[in-house]
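Chain by chain, the residues:
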Amino acid sequence: MDIRSIKPVFFSPTETTAKIVIKIAQGINPDIITGINLTPPGARTQDFGQLKDELTVIGTPVYAGRVPPEAVRRLRRIKGNNTPAVVVVVYGNRDFEDALLELRDIATELGFRPIAGGAFIGEHSYSNETTQIAVERPDDQDMEAAKRFGESIKGKIGEFNTLDGMPALAVPGNFPYKKWVERPEMAPVTVESLCTLCAECAAVCPTAAITVGDSVVTATSECIRCSACIKKCPTGARKWESAWIDQVRKWLNQNCRQRKEPQIYL
């Protein structure tokens, strides 16, 4: 098989997943790379059509061991036609649990043919200056691993004349998937003394939950706790004020210090 065009597809509020997916695509070294960003609010209703001949690299973050429901909804806006796909999840150094299996199954349901999978590490969305969790990842070592993964995918593709000759992709995980635990609605708050009303928070919110006028207003019911607004705020005016998130941060900081490395499945 000869793959000349690759389409990275990603839901990536803090841009971490996007970095990994694009680096994998670059490692495959095709003639053409054209991506689909499922992160902006408009992706909720946009029709992306059917992807046919391109190798598609599909990436999402991991929320509590699963593919985020918001990512699932947006992934269902794309369709494959026995299209080869690489499935990738990015997690905050705890565990990806059933997320990679779930993403493989979603991709299959949508008409894609998963041929490779990977689980990579990114800075946790709740990480901050005082409670650091996988800070500054993916780092250079992670990006090199992503590139090598792409090279390995290219080598695997070259071994087969047709897609039908490739074995089914096996990845870890359990079915039924880990049960979702509903959490109280919550959203980051704005420290008005630090806020310049630059509206960067509103620009990066994947659900358009934030509006900026004379003040910053967040629709708590629309917040998916991705922390994109916190990571992007240039003055540090956005932050979590949640006892539950403080507890999660503390647990992660105590129990997930040891560096985990990317895992790939070919």
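Refer to the preceding data block for the structure.
Residues numbered from 1 in each chain as written. Predicted model: local features only at pLDDT ≥ 70, side-chain atom pairs only at ≥ 80, totals over all residues. Heavy atoms only, no water.

When helices and strands are tallied, the protein shows 7 helices and 13 strands. Seen through its C-alpha atoms, the protein measures out along the principal axes to roughly 60 × 40 × 35 Å. A buried classification covers 49% of the 266 residues belonging to the protein. Here the contacts in the protein between residues at least 6 apart in sequence split such that 81% fall between residues at least 24 apart. On the protein, roughly 12900 Å² of surface is accessible, and the fraction owed to carbon and sulfur atoms is 47%. Between the mean site of the 33 positive side-chain charges and the mean site of the 32 negative ones, the protein shows a separation of 3 Å. (Helix = DSSP H or I, 4+ residues; strand = E, 2+ residues; numbered from the N terminus. Buried < 20%, exposed > 50% of the residue type's maximum accessible area, 1.4 Å probe, protein only. Contact = heavy atoms within 4.5 Å. Areas by Shrake-Rupley, 256 points an atom, 1.4 Å probe, with all protein chains shown as cover. Lys, Arg positive; Asp, Glu negative; His and termini not counted. Charge placed at Lys NZ, Arg CZ, Asp CG, Glu CD.)

In this section: the nonpolar core. Grouped together as the largest cluster of nonpolar side chains are 38 residues, with contacts concentrated most on Val 9, Ile 58, Leu 75, Val 89, Phe 96 and Phe 112. For this core, the secondary-structure elements that each account for two or more residues are helix 2 (69–75), strand 7 (83–91), helix 3 (99–109) and strand 8 (112–121). Ranked by residues supplied to this core, first place goes to helix 3 with 6 residues. Leaving out residues up to four positions away in the same chain, Val 89 has contacts with Thr 60, Val 62, Phe 96, Ala 99, Leu 100, Leu 103, Gly 118, Ala 119 and Phe 120. In this structure, Val 21, Met 143, Ile 153 and Phe 160 belong to the second largest nonpolar core, which totals 26 residues. (Core = buried A, V, L, I, M, F, W, Y, C linked by side-chain atoms within 4.5 Å.)

For the rest of this paragraph, the subject is helix 4 (residues 140–158). Taking 1.5 Å as the rise per residue, helix 4 with 19 residues should run 27 Å; its terminal C-alpha atoms sit 27 Å apart, in good agreement. Of the positions making up helix 4, those classed as buried are Asp 142, Met 143, Ala 145, Ala 146, Phe 149, Gly 150, Ile 153, Lys 156 and Ile 157. Along the long axis of helix 4, the arc covered by the buried residues comes to 155 degrees, so they all point the same way. Away from its buried face by more than 90 degrees, helix 4 exposes Asp 140 and Gly 158. Among the structural elements, helix 1 (16–28), strand 5 (55–61), strand 7, strand 8 and strand 13 (263–265) are those in contact with the buried residues of helix 4. Sitting at the amino-terminal end of helix 4 is Asp 139, which places a side-chain oxygen 3.2 Å from the backbone nitrogen of Gln 141. (Expected span 1.5 Å × (residues − 1). Arc of directions from axis to C-beta. Polar contact = N/O pair within 3.5 Å; in protein donor to acceptor, adjacent residues only side chain to side chain.)

The next thing to look at is the pattern of salt bridges. Enumeration according to the criterion identifies 21 salt bridges in this entry. We note a salt bridge from Arg 66 to Glu 102, for which the minimum N-O separation is 2.8 Å. With Arg 66 in the loop between strand 5 and helix 2 and Glu 102 in helix 3, this pair connects stretches of sequence that are 36 residues apart. The two residues Arg 66 and Glu 102 agree in class, both being buried. With its nearest N and O atoms 2.9 Å apart, the salt bridge here joins Arg 104 to Asp 105. Among the charged side chains, a network of salt bridges with common partners joins Arg 44, Glu 70, Arg 73, Arg 74 and Glu 222. (Salt bridge = Lys/Arg side-chain N within 4 Å of Asp/Glu carboxyl O.)

Omega for the bond connecting Arg 137 with Pro 138 falls within 30 degrees of zero, at 10 degrees, which places this linkage in the cis form. Mapped onto the elements of the fold, Pro 138 is located in the loop between strand 8 and helix 4. Note the cis peptide between Phe 175 and Pro 176, where omega equals 0 degrees. Considering the arrangement of structural elements, one finds Pro 176 in the loop between helix 4 and strand 9 (189–190). Positive phi outside glycine occurs at Glu 15, with the angle close to 70 degrees. Owing to a relative accessible area of 39%, Glu 15 belongs among the partly exposed residues under this scheme. One non-glycine residue with positive phi stands out, namely Arg 225, at about 60 degrees. The residue Arg 225 is located in the loop between strand 11 (216–218) and helix 6 (228–232) in this model.

On to the packing of aromatic side chains. In this structure the tally under the stated criterion is 5 aromatic pairs. Judged by centre distance (6.1 Å) and plane angle (40 degrees), the rings of Phe 120 and Phe 149 are tilted. In this pair, Phe 120 sits in strand 8 while Phe 149 sits in helix 4, placing the two residues 29 residues apart along the sequence. Look at Phe 120 and you get buried, because its relative accessible area is 0%. Here Phe 149 falls in the buried class, since its relative accessible area comes to 1%. Taking 6.3 Å as the distance between ring centres and 80 degrees as the angle between the ring planes, the aromatic pair formed by Tyr 126 and Trp 244 counts as edge-to-face. Residue Tyr 126 is located in the loop between strand 8 and helix 4, and its partner Trp 244 is located in helix 7 (residues 243–255); the two are separated by 118 residues in the primary sequence. Given the relative accessible area of 24%, Trp 244 is considered partly exposed. Ring pairing ties together the aromatic residues Tyr 126, Trp 240 and Trp 244, which thus form one cluster. (Phe/Tyr/Trp six-rings, centres within 6.5 Å; stacked < 30°, edge-to-face > 60°.)

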